[in-house]
Amino acid sequence: MTRQDGRAYDELRPIKITTDFVKFAEGSCLIECGDTKVLCCASVEEKTPPHVAEGEGWVTAEYSMLPRANRERSKRDISKLKLSPRSAEIQRLVGRSLRAAVDMKALGERTINIDCDVLQGDGGTRTASVTGGFVALALACRKLVEEGYLGSTPIRHFVTGVSAGIVDEQALLDLQYSEDSRAQVDLNCVMNELGEIIELQGTGEGRAFTLTEQQELVRLCAKGNRELLKIQKEALGGAL
């Protein structure tokens, strides 16, 4: 199968991470995965939600798409007076994924909010939000250390996310919209730098899929996540 952009079946789109993209956030980056562009900002608050245990911190996320992030304008969530179900699902995924990277006791009684705003969507916005959101989170934690609020970073390991799917009976890594919109099977995989799976979301969009097919998609995602890990480390100067 020849992909529209000429990539190999197991090849990521071109990835670019620009750190400190905005001035005021404690940590920020613009992540570009092909034509998908997501702005990720980390904000630190010296308080935690009521449900968090005493002495521990919290990491959470919010996700939204700008009205013209897609080919046609969409209404802002605020105009509907509630968050769209899709946005709610994605921000829970991002929050869970990033919490898995942090030692909450080491973070202390503070909250880090990760805002992921899709400037342009061309497939893979949720996994780009995880990958870019981690970079923003790491930068915010670095600032807490540099300013003396923490003795060392509370981040335990890097976290990345990528998608894969089956299109025209072919397993493909990192689907762009033209592929994602007609995928028979769609899978999102979030992993840590140890190669362990944090979250796996697989859906039979056009047909059911086998365990063998799932394993092949996870294998592709593992390859993609290893490559994303290298790009994250380069963006962060090689260390947390």
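Above this note sits the structure.
How each quantity is defined
- Residues numbered from 1 in each chain as written.
- Predicted model: local features only at pLDDT ≥ 70, side-chain atom pairs only at ≥ 80, totals over all residues.
- Heavy atoms only, no water.
- Helix = DSSP H or I, 4+ residues; strand = E, 2+ residues; numbered from the N terminus.
- Rg over C-alpha atoms; globule rule 2.2 N^0.38 Å.
- Buried < 20%, exposed > 50% of the residue type's maximum accessible area, 1.4 Å probe, protein only.
- Contact = heavy atoms within 4.5 Å.
- Areas by Shrake-Rupley, 256 points an atom, 1.4 Å probe, with all protein chains shown as cover.
- Lys, Arg positive; Asp, Glu negative; His and termini not counted.
- Charge placed at Lys NZ, Arg CZ, Asp CG, Glu CD.
- Phe/Tyr/Trp six-rings, centres within 6.5 Å; stacked < 30°, edge-to-face > 60°.
- Pairing = 2+ DSSP bridges.
- Axes fitted to C-alpha atoms, helices over the stretch in contact; angles between N-to-C directions.
- 1 Å grid on protein atoms, 1.4 Å probe; cavity = no way out; pocket = protein on both sides within 12 Å on 5 of 7 lines; lining within 4 Å.
- Points joined across faces, edges and corners; volume = space filled by probe spheres on them.
- Nonpolar A, V, L, I, M, F, W, Y, C, P; charged D, E, K, R; others polar.

When helices and strands are tallied, the protein shows five helices and nine strands. Helices and strands in the protein line up, N terminus first, as β-β-β-β-α-α-β-α-β-β-α-β-β-α. In terms of C-alpha radius of gyration, the protein reaches 18 Å, essentially the compact-globule figure of 18 Å for 240 residues. With the principal axes as the frame, the protein shows a C-alpha extent of 55 × 40 × 30 Å. Going through the 240 residues of the protein one by one, you find that 50% of them count as buried. Within the protein, residue pairs in contact and separated by at least 24 positions form 69% of the contacts whose partners lie at least 6 positions apart. As displayed, the protein offers around 11600 Å² of accessible surface, 48% of which is attributable to carbon and sulfur atoms. Across the protein, the 31 positively charged side chains and the 36 negatively charged ones have centroids separated by 3 Å.

According to the stated counting rule, one finds one aromatic pair in the structure shown. On the basis of an interplanar angle of 45 degrees and a centroid distance of 5.1 Å, the ring pair of F134 and F158 is categorised as tilted. With F134 in helix α3 (residues 125–146) and F158 in the loop between α3 and β6 (159–167), this pair connects stretches of sequence that are 24 residues apart. For F158, a relative accessible area of 4% translates into the label buried.

Time to look at the sheet that holds β6. Read from one edge to the other, the open sheet built from four strands follows the order β7-β6-β8-β9, with strand pairing classed as antiparallel. Unpaired on one side and paired on the other, β7 (170–173) and β9 (197–204) mark the two borders of the sheet. Sheet twist, expressed as the mean angle between neighbouring strand axes with direction ignored, is 15 degrees. Sitting on the sheet, α3 is in contact with β6, β8 (185–192) and β9, with an inclination near 165 degrees to β6.

A separate point is the side chain of Q184. Within the secondary structure, Q184 is located in the loop between α4 (177–180) and β8. Those residues in contact with Q184, other than ones at most four positions away along the chain, are I166, V167, D168, E169, T203, G204, E205, G206 and R207.

Going through the model one piece at a time under the given rule, you end up with one cavity of 30 Å³ or more. Estimated volume of the largest cavity: approximately 60 Å³. Around the largest cavity, the lining residues are R13, I15, C33, G124, T127, A128, T131, G161, V162, S163, D174 and L228. Of all the elements in the fold, those that place two or more residues in the lining of the largest cavity are α3 and β6. Broken down by class, the residue content of the lining of the largest cavity amounts to five nonpolar, five polar and two charged.

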